[in-house]
Amino acid sequence: MDFAFDNSFHGTMDGFYALAEAATPHAPKLLIFNYVLAEQLGIATKARSDGDVARIFSGKTMPEGAILIAFAYAGHQFGHFSPQLGDGRALLLGEIIAPDGARFDIQLKGSGPTAFSRNGDGKAALGPVLREYLVSEAMAALGVPTTRSLAAVATGDRVQRDRSHPGAVLTRVASSHIRVGTFQFFAAHFGADHVIQLSDYTIRRHFPELVEATNPHLALLDRVIGLQCELVARWMGVGFIHGVMNTDNVAVSGETLDYGPCAFMDRFAVNTVFSSIDTNGRYAYGRQPQITHWNMARFAEAMLPAIHAVDPADVDAAKALVDAIPARFRAIWLDEMRAKLGLGQPHKDEEKLIDVLFGELEQHAVDFTSFFRALAQLLRGDGAMLQALLPDAEAMAPWIADWWAQLEREAIAPLERADAMDAVNPLYIPRNHLVEAALVAAEAGDMAPWTELLEVVQNPYIERAEWAAFAQPAPIDADPYKTFCGT
């Protein structure tokens with residue numbers, strides 16, 4: 001298997017990582033391989049058997065040119081600063097350059113302990129590996145910037161968590177694994193020179209057009225803020241709740257990073273939390289914009305030594321960028337909601353319409369994903385789907401009337417508008433009850449439910465009759481859903 005590694009981080013960023021080795025798995029077995037993604041990355045696989053692929057993507061066999069490193073980083077975890085975290089169960093195999101010229105990290109997750117494991121085993125259980133594979137590929141299909149999943153391999157070993165689980169390794173693909181926490185680590189421990197070096201590398205790798213900016217480090221801060229606002233608005237638009245928006249899980253590339261205790265909204269409630277460890281609701285659905293603001297303020301603090309080194313006056317400019325985040329996010333969020341509601345142009349009353357909507361959805365416990373598809377069906381003259389979601393015929397009637405009045409201000413045909421709404425509002429998401437059932441079956445040795453669910457969520461917008469069950473909300477009497485960290 002030819003990777004044609006081009007390991008720029010290892011070659012130019014000595015001192016920003018630790019060399020490492022993968023633990024040898026007992027009996028690696030390929031569970032799934034993303035051949036479509038492999039082709040996009042330019043990874044040749046045709047001459048390799050499943051056994052060969054399993055050995056490579058479990059860490060048992062190292063491909064030629066791989067240089068295994070674990071990244072150093074810090075992070076604010078639930079608001080508290082941890083000065084040293086790092087890749088405790090992940091190893092970068094190396095970087096490859098895809099046929100289109102884009103650079104990607106190839107990383108093994110769950111491959112054993114590193115210098116940053118802090119007495120952990122560095123392993124991953126099967127369930128969290130399959131969850132990340134499924135949800136990251138669903139997010140990609142939904143058009144949300146995200147890390148991708150290339151392979152999932154069972155190791156043949158057991159991993160002890162709440163009980164003994166089968167072990168597995170995930171191969172994660174990202175444009176890089178540089179995080180806000182990476183900047184925090186070097187700002188806290190080494191100071192301006194290291195922050196400047198890391199910022200320069202990040203700009204060269206991700207945003208080369210910023211090299212010529214008057215203050216490239218300030219420009220980097222501006223760009224990362226914009227990407228994070230766009231990312232979080234996009235994932236909130238599909239009802240996604242990250243669950244652990246710690247600064248060590250914020251990629252400066254603007255990709256969704258880490259799929260631990262994440263989940264998608266069922267019946268709407270602004271304070272919905274799925275993570276078992278988020279007991280105070282810090283990362284609830286409705287708090288994600290505020291947490292984005294908070295995380296970007298921490299990024300700005302880490303960047304200040306580099307910004308100040310170019311021009312001390314730009315420190316005030318950095319503060320102004322942070323202060324402007326709520327308004328910046330709000331504008332992006334309104335664009336997102338305008339598309340979901342089929343509104344072609346901004347209108348003076350749209351903010352009230354959008355804000356009132358969420359109170360209505362919560363009051364009537366409406367399924368978030370299905371609601372927007374039901375609105376499109378209403379435009380086609382079919383109100384059955386909407387009525388099935390509401391407790392009675394008059395529920396939300398005033399809001400529907402206000403929405404309809406907004407639409408009538410625009411000369412867009414109803415069917416054209418409905419089709420445009422269906423193009424941005426998914427019918428199929430990784431429904432929590434379906435994900436859980438698929439993971440339970442997989443751990444028992446039956447991958448079929450998980451494989452079928454993966455196919456469904458990779459095609460989220462086009463209705464298929466045979467997939468009707470995958471569009472149904474969770475049963476009304478279902479227990480409150482909880483997700484757990486895989487470490």
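Undergrad: What is the right way to look at the overall build of the chain in this model?
TA: Broken down by element type, the chain carries 17 helices and 12 strands. For 487 residues, the compact-globule estimate of 2.2 N^0.38 gives 23 Å, and the chain sits close to it at 23 Å. The buried share of the chain, taken over its 487 residues, is 57%. In the chain, once contacts between residues fewer than 6 apart in sequence are set aside, the share between residues at least 24 apart is 72%. Looking at the chain as shown, the accessible area adds up to about 19400 Å², and 53% of this sits on carbon and sulfur atoms. Considering the chain, the positive charge centre built from 39 side chains and the negative charge centre built from 60 side chains are found 3 Å apart.

Undergrad: Before we go on, may I ask you to explain helix α8 (residues 288-310) in this structure?
TA: Each α-helix turn comprises 3.6 residues. Residues three or four places apart therefore point the same way. With 23 residues, α8 extends 32 Å between its outermost C-alpha atoms, agreeing within 8% with the 33 Å of an ideal straight helix rising 1.5 Å per residue. The largest bend in α8 amounts to roughly 50 degrees and is located at Met303, with the proline Pro305 lying one to four residues further along.

Undergrad: Sorry if this is basic, but what is going on with the side chain of Asn34 here?
TA: If you trace the backbone, Asn34 turns up in the loop between β2 (29-33) and α2 (35-41). Among all residues touching Asn34, those that are not within four sequence positions of it are Tyr133, Glu137, Arg148, Ser149 and Leu150.

Undergrad: What is the right way to look at the packing of aromatic side chains in this model?
TA: Any aromatic ring pair is given by two values, namely how distant the centres are and how the planes are angled relative to each other. Inspection of every chain in the model, using the stated rule, returns 29 aromatic pairs. Geometrically, the ring pair formed by Phe33 and Tyr35 is edge-to-face, given 4.8 Å between the ring centres and 70 degrees between the ring planes. Taking relative accessible area as the criterion, Tyr35 reaches 42% and is therefore assigned partly exposed. One aromatic cluster is present, built from ring pairs that chain together Phe268, Tyr285, Trp333, Phe358, Phe368, Phe371, Phe372, Trp399, Trp403 and Trp404. Sitting above the plane of the Tyr73 ring, Arg179 keeps its charged end 4.1 Å from the centroid. Seen from the ring of Trp294, Arg298 lies directly overhead, with NZ or CZ sitting 4.5 Å from the centre.

Undergrad: Please clarify how the packing of helix α16 (residues 432-443) against helix α17 (residues 448-457) should be interpreted in this entry.
TA: Describing two packed helices takes the angle between their axes plus the distance from one axis to the other. Between α16 and α17, the least distance of the axes is 7 Å, while the angle of their chain directions is 140 degrees. Here Leu434, Val435, Ala438, Leu439 and Ala441 of α16 lie close against α17, whose contacting residues are Pro449, Trp450 and Leu453. Across the contact of α16 with α17, the residue classes break down as eight nonpolar, no polar and no charged.

Undergrad: Explain the pairing of strand β7 (residues 103-109) here, please?
TA: Looking along a regular strand, one sees the side chains alternate between the two faces of the sheet. Taking burial as the measure, the seven residues of β7 include five buried ones, the bulk of the element. In terms of strand pairing, strand β6 (residues 90-97) meets β7 through seven bridges, oriented antiparallel. Paired with Leu91 across the bridge in β7 is Leu108.

Undergrad: Would you mind showing me how to read helix α14 (residues 397-407) here?
TA: When α14 is considered as a whole, its buried residues turn out to be Trp399, Ile400, Trp403, Gln406 and Leu407. Here the buried residues of α14 occupy an arc of 120 degrees about the axis, which is enough to place them on one side. Where α14 is buried, its residues touch α11 (350-363), α12 (368-379), α13 (384-389) and α15 (414-422).

Undergrad: What should I look at first to understand the nonpolar core in this one?
TA: Grouped burial of nonpolar side chains is what soluble globular proteins tend to show. Of all hydrophobic cores here, the largest spans 154 residues; its most connected members are Phe9, Phe183, Leu341, Phe371, Trp399 and Trp450. A total of 12 residues in this core trace back to one element, the largest contributor, which is helix α7 (residues 216-237). Dropping the residues within four chain positions of it, Trp450 is found in contact with Ile32, Leu130, Tyr133, Leu134, Ala438 and Leu439.

Undergrad: Help me understand the environment of Gly445, please; the structure alone is not making it clear to me.
TA: Looking at the element boundaries, Gly445 is found in the loop between α16 and α17. Residue classification places Gly445 among the exposed positions, given a relative accessible area of 63%. Along the backbone, Gly445 and Glu351 are 94 residues apart, and their C-alpha atoms lie at a distance of 49 Å.

Undergrad: Explanation requested: the packing of helix α6 (residues 192-206) against α8 in the structure shown.
TA: Interhelical geometry of α6 versus α8 gives an angle of 90 degrees and a closest axis separation of 8 Å. Comparing their axes, α8 and α6 come out roughly perpendicular. Where α6 approaches α8, its residues Ala192, Val195, Ile196 and Ser199 are matched on the opposing element by Ala302, Met303, Pro305, Ala306 and Ala309. Here the residues of the contact of α6 with α8 sort into eight nonpolar, one polar and no charged.

Undergrad: Would you explain the pairing of β6 in this entry?
TA: Across the eight residues of β6, seven count as buried, placing the element largely inside the fold. Taking the residues that link successive antiparallel strands as the turn, the β6-β7 hairpin has five residues, and the phi of Gly101 there is positive, at about 95 degrees.

Undergrad: Please clarify how the pattern of salt bridges should be interpreted in this entry.
TA: Two side chains with opposite charge may pair up if their charged atoms get near one another. One pass over the full model with this rule turns up 28 salt bridges. Arg205 is the partner of Glu95 in a salt bridge, and the nearest nitrogen-oxygen pair spans 3.6 Å. Pair noted here: Glu95 is in strand β6 and Arg205 is in helix α6, with a separation of 110 residues, a long-range link. Judged on exposure class, the residue Glu95 and its partner Arg205 are both buried. With a closest N to O distance of 3.5 Å, Arg373 and Asp422 form a salt bridge. With Arg373 in helix α12 and Asp422 in helix α15, this pair connects stretches of sequence that are 49 residues apart. Considered together, Arg373 and Asp422 belong to a single accessibility category, that of buried residues. Via salt bridges that share partners, Asp6, Glu95, Arg103, Asp105 and Arg205 belong to a single interconnected network.

Undergrad: Looking at this structure, how should I read unusual backbone geometry?
TA: Keep in mind that most residues, glycine aside, have a negative phi and that most peptide bonds are trans. Even without being glycine, Arg118 reaches a positive phi, approximately 50 degrees. Positionally, Arg118 belongs in the loop between β7 and β8 (124-125).

Undergrad: Would you take a moment to explain the side chain of Ser275 for this structure?
TA: With respect to the secondary-structure elements, Ser275 resides in the loop between β12 (263-264) and α8. Leaving out residues up to four positions away in the same chain, Ser275 has contacts with Gly243, Pro261, Lys482 and Thr483.

Undergrad: I would appreciate a short explanation of the environment of Ser253 in the present structure.
TA: Structurally, the position occupied by Ser253 is in the loop between β11 (240-241) and β12. Sequence separation of Ser253 and Pro414 is 161 residues, and the distance between their C-alpha atoms is 38 Å. If sequence neighbours within four positions are ignored, Ser253 has contacts with Ser175, Ser176, His206 and Leu227. At a separation of 3.5 Å, a polar atom in the side chain of Ser253 contacts the side chain of Ser175.

Cut-offs applied
Residues numbered from 1 in each chain as written. Predicted model: local features only at pLDDT ≥ 70, side-chain atom pairs only at ≥ 80, totals over all residues. Heavy atoms only, no water. Helix = DSSP H or I, 4+ residues; strand = E, 2+ residues; numbered from the N terminus. Rg over C-alpha atoms; globule rule 2.2 N^0.38 Å. Buried < 20%, exposed > 50% of the residue type's maximum accessible area, 1.4 Å probe, protein only. Contact = heavy atoms within 4.5 Å. Areas by Shrake-Rupley, 256 points an atom, 1.4 Å probe, with all protein chains shown as cover. Lys, Arg positive; Asp, Glu negative; His and termini not counted. Charge placed at Lys NZ, Arg CZ, Asp CG, Glu CD. Expected span 1.5 Å × (residues − 1). Bend = angle between axes of the 7 residues up to and from the residue. Phe/Tyr/Trp six-rings, centres within 6.5 Å; stacked < 30°, edge-to-face > 60°. Lys NZ or Arg CZ within 6 Å of the ring centre and 35° of its normal. Axes fitted to C-alpha atoms, helices over the stretch in contact; angles between N-to-C directions. Nonpolar A, V, L, I, M, F, W, Y, C, P; charged D, E, K, R; others polar. Pairing = 2+ DSSP bridges. Arc of directions from axis to C-beta. Core = buried A, V, L, I, M, F, W, Y, C linked by side-chain atoms within 4.5 Å. Parallel < 35°, antiparallel > 145°, perpendicular 65-115°, else oblique. Salt bridge = Lys/Arg side-chain N within 4 Å of Asp/Glu carboxyl O. Polar contact = N/O pair within 3.5 Å; in protein donor to acceptor, adjacent residues only side chain to side chain.

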